[in-house]
Amino acid sequence: MTSELTPATVAITTPEDLHAALRTAAELEHGLMCLYLFAAFTVQRDDPDPLRRHHILALERELLTIAHEEMRHLAYVWELQRNLGQPPHAQLPQFDVVERTIGGIQWRWDLRLGPIDKPMCDRLLRFESPHDAGDATDNVCGLHLAIAAALDTMTADGVLPYDGQTPAFTGSWSRFVGTALLSDPQEASKALRTLVADADATSPGSHAHRVRAIAAMLDALPEASRHAVPVRGDKAGTTTEQIAALCDDAHSLILASMLAIPQASEAQREPQRYIARRVMSGILRPLIEVLTALPPVGGHSAGPAFAVTVPEEPTLATVISNLDDLAARCRTLAGTSPRLAEVAITCDHWQQRLREAQQE
């Protein structure tokens, strides 16, 4: 395929094809979030040079910000699935080269986890550059545009029912506040194109533009300022393995918090959204920072593996229980790092907030 690929050439013509494409889109947004998150924690945060350390922390913050935005994109895809009568697809993709046939076209995405280096920046740019020359079947933007075109056609022809419910997943997210982007299929199609605009390389605030800036930051850093590719601890029961498991369970908590929202009352939804948005920065980030600071295992630093268990039909009570479990385990391991005690306090605070909402 070449850059001649357009949404019109992707024949998503049946509801079944559209639902399959949306499941793939959810996996890709979820996988992209993990690529950015994993890459952020392959930098060497304790560089002795103050100026280099400043650049490294700025690079890490940028990667984490984009990861958070990918989580918002995932929330939107889930909302669209819900309005089309489908369950939200929370499964992670394989962190490998993923190939799918969608709309008669063979698509191929490289989702292998890796450190933040020039090859990784090049891969992220392919994901995030819908207008770059080359094969458009290896970026997520091309798929979003194909889905938007199919949504326009099928809903206009009456082939596909669309129920514009009150937003559950995306309500109160930045840029969705007070809007009706999901109220009808035309607005939903426009919102899909907004996700593409987030990536558009021609916009200064786009993901592609920011990845180019990250690549420029890397040029100013020596190779020694980056970790080797992180791996999980090699022995079950070690401190490394236990903290890696905490990271995985914090990731699962993000999914549980989001997936429980539609079943909650309106009064309970806002605190759940608040927590879903902040688990990455308030729990997952400090856990991964503790993990990647542990002594190397077999020549590699420790890191998250994203071996995430997707919760089945979670409720508010599920989220409270998960927070309680994370707090208890962090306290048990607090001797490893004082940051684990801080995470436990955060879990306690959020758990109390949800318990209060549970009474409403």
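Residues numbered from 1 in each chain as written. Predicted model: local features only at pLDDT ≥ 70, side-chain atom pairs only at ≥ 80, totals over all residues. Heavy atoms only, no water.

Section: the overall build of the chain
Logical step 1: When its secondary structure is counted, the chain shows 10 helices and two strands.
Logical step 2: The order of α-helices and β-strands along the chain, N terminus first, is α-α-β-β-α-α-α-α-α-α-α-α.
Logical step 3: Partitioning the intrachain contacts of the chain with sequence separation of at least 6 by distance along the chain shows that 76% fall at a separation of at least 24. (Helix = DSSP H or I, 4+ residues; strand = E, 2+ residues; numbered from the N terminus. Contact = heavy atoms within 4.5 Å.)

Observations concerning the nonpolar core
Logical step 1: Core analysis: the biggest nonpolar cluster contains 106 residues, and Leu18, Leu37, Leu80, Ile116, Leu143 and Ile283 have the highest contact counts within it.
Logical step 2: Looking at which element gives the most residues to this core, the answer is helix H1 (residues 15-40), with 15 residues. (Core = buried A, V, L, I, M, F, W, Y, C linked by side-chain atoms within 4.5 Å. Buried < 20%, exposed > 50% of the residue type's maximum accessible area, 1.4 Å probe, protein only.)

Examining the packing of helix H2 (residues 50-83) against helix H7 (residues 239-259)
Helix-helix packing: each pair is described by the crossing angle between the helix axes and the interaxial distance.
Logical step 1: In the contact formed by H2 and H7, the axes pass within 12 Å of each other and the chain directions differ by 40 degrees. Considering only the axes of H2 and H7, their crossing is right-handed. Together, Met71, Ala75 and Trp78 of H2 and Ile254, Leu255, Met258 and Leu259 of H7 make up the contact between the two elements.
Logical step 2: Its residues assigned to classes, the contact of H2 with H7 comprises seven nonpolar, no polar and no charged. (Axes fitted to C-alpha atoms, helices over the stretch in contact; angles between N-to-C directions. Left-handed = near helix turned anticlockwise from the far one by under 90°. Nonpolar A, V, L, I, M, F, W, Y, C, P; charged D, E, K, R; others polar.)

Section: the pattern of salt bridges
Logical step 1: A complete count under the given rule lists 17 salt bridges for this structure.
Logical step 2: In this structure, Asp110 engages Arg123 in a salt bridge whose closest nitrogen and oxygen atoms are separated by 3.2 Å. Of this pair, Asp110 sits in strand S2 (residues 105-110) while Arg123 sits in helix H3 (residues 118-128); the two residues are 13 residues apart in sequence, bridging distant segments of the chain. Pair check on accessibility: Asp110 and Arg123 agree, each one buried.
Logical step 3: For Asp348, the salt bridge is made with Arg331, and the minimal N-O distance between the two is 2.0 Å. Taken together, the positions of Asp348 in helix H10 (residues 338-358) and Arg331 in helix H9 (residues 316-332) put the pair 17 residues apart, joining distant regions of the chain.
Logical step 4: Connected through salt bridges with shared partners, the residues Glu60, Arg285, Glu289 and Arg339 form a single ionic network. (Salt bridge = Lys/Arg side-chain N within 4 Å of Asp/Glu carboxyl O.)

Some remarks on empty space enclosed by the protein
Logical step 1: Counting across every chain of the model gives two cavities of 30 Å³ or more.
Logical step 2: As for the largest cavity, its lining consists of 10 residues, of which Glu29, His73, Glu128, Val140 and Leu195 are closest to the centre.
Logical step 3: Counting residues per element, the ones that place at least two in the lining of the largest cavity are H1, H2, helix H4 (140-156) and helix H5 (185-199).
Logical step 4: Class assignment for the residues of the lining of the largest cavity results in five nonpolar, two polar and three charged. (1 Å grid on protein atoms, 1.4 Å probe; cavity = no way out; pocket = protein on both sides within 12 Å on 5 of 7 lines; lining within 4 Å. Points joined across faces, edges and corners; volume = space filled by probe spheres on them.)

Quick look at H7
Logical step 1: Along its 21 residues, H7 runs 30 Å from first to last C-alpha, staying within 8% of the 30 Å computed at 1.5 Å per residue.
Logical step 2: Within H7, 17 of the 21 residues are buried, which leaves it mostly tucked inside the rest of the structure. (Expected span 1.5 Å × (residues − 1).)

Re the packing of aromatic side chains
Logical step 1: Inspection of every chain in the model, using the stated rule, returns three aromatic pairs.
Logical step 2: These aromatic residues form a ring-pair network of at least three members: Phe38, Phe95 and Phe306.
Logical step 3: Geometry around Tyr274 places Arg353 over its ring, the cationic atom sitting 4.2 Å from the centre. (Phe/Tyr/Trp six-rings, centres within 6.5 Å; stacked < 30°, edge-to-face > 60°. Lys NZ or Arg CZ within 6 Å of the ring centre and 35° of its normal.)

Things to note about the pairing of S2
Logical step 1: The pairing of strand S1 (residues 97-102) with S2 spans six bridges and is antiparallel. Each residue of the ladder has a partner; that of Thr101, found in S2, is Gln106.
Logical step 2: Here S1 folds back onto S2, and the loop between the two strands holds two residues, one of which, Gly103, carries a positive phi near 60 degrees. (Pairing = 2+ DSSP bridges.)

Some points on the environment of Gln268
Logical step 1: For Gln268, the location among the structural elements is in helix H8 (residues 266-292).
Logical step 2: For Gln268, a relative accessible area of 11% puts it in the buried group.
Logical step 3: Taking the C-alpha atoms as reference, Gln268 lies 8.2 Å from Leu316; in sequence the two are 48 residues apart.
Logical step 4: Each residue touching Gln268, except ones within four places of it in the same chain, is listed here: Leu316, Ala357, Gln358 and Glu360.

Let's talk about the layout of surface pockets
Logical step 1: Reported here for the largest pocket is a volume of approximately 320 Å³.
Logical step 2: Around the largest pocket, the lining comprises 16 residues; the ones closest to its centre are Pro87, Pro88, Leu259, Pro311 and Glu313.

Let's talk about the packing of H1 against H4
Logical step 1: Closest axis-to-axis distance for the H1/H4 pair is 10 Å, and the angle between their directions is 150 degrees. Here H1 is positioned roughly antiparallel relative to H4, judged by the angle of their axes. Crossing angle aside, the handedness with which H1 passes H4 is left-handed. Facing Pro15, Leu18, Ala21, Leu22, Thr24, Ala25, Leu28, Glu29 and Leu32 of H1, the residues of H4 in contact are Val140, Leu143, His144, Ile147, Ala150, Leu151 and Met154.
Logical step 2: Of the residues that constitute the contact of H1 with H4, the class distribution is 13 nonpolar, two polar and one charged. (Parallel < 35°, antiparallel > 145°, perpendicular 65-115°, else oblique.)

Section: the confidence of the model for the chain
Logical step 1: Confidence along the chain averages 80 in pLDDT terms, with 81% of residues attaining 70 or more.
Logical step 2: For the chain, the element scoring lowest by mean pLDDT is H5, at 71; H9 scores highest, at 96.
Logical step 3: Here residues 1-5 is modelled with pLDDT under 50, and outside its nearest four sequence neighbours on either side it reaches 11 contacts, counting other chains as well.
Logical step 4: Under a pLDDT of 50 for its full length, residues 172-180 has, in the predicted model, 19 contacts with residues more than four places off or in other chains. (pLDDT = per-residue confidence, 0-100.)

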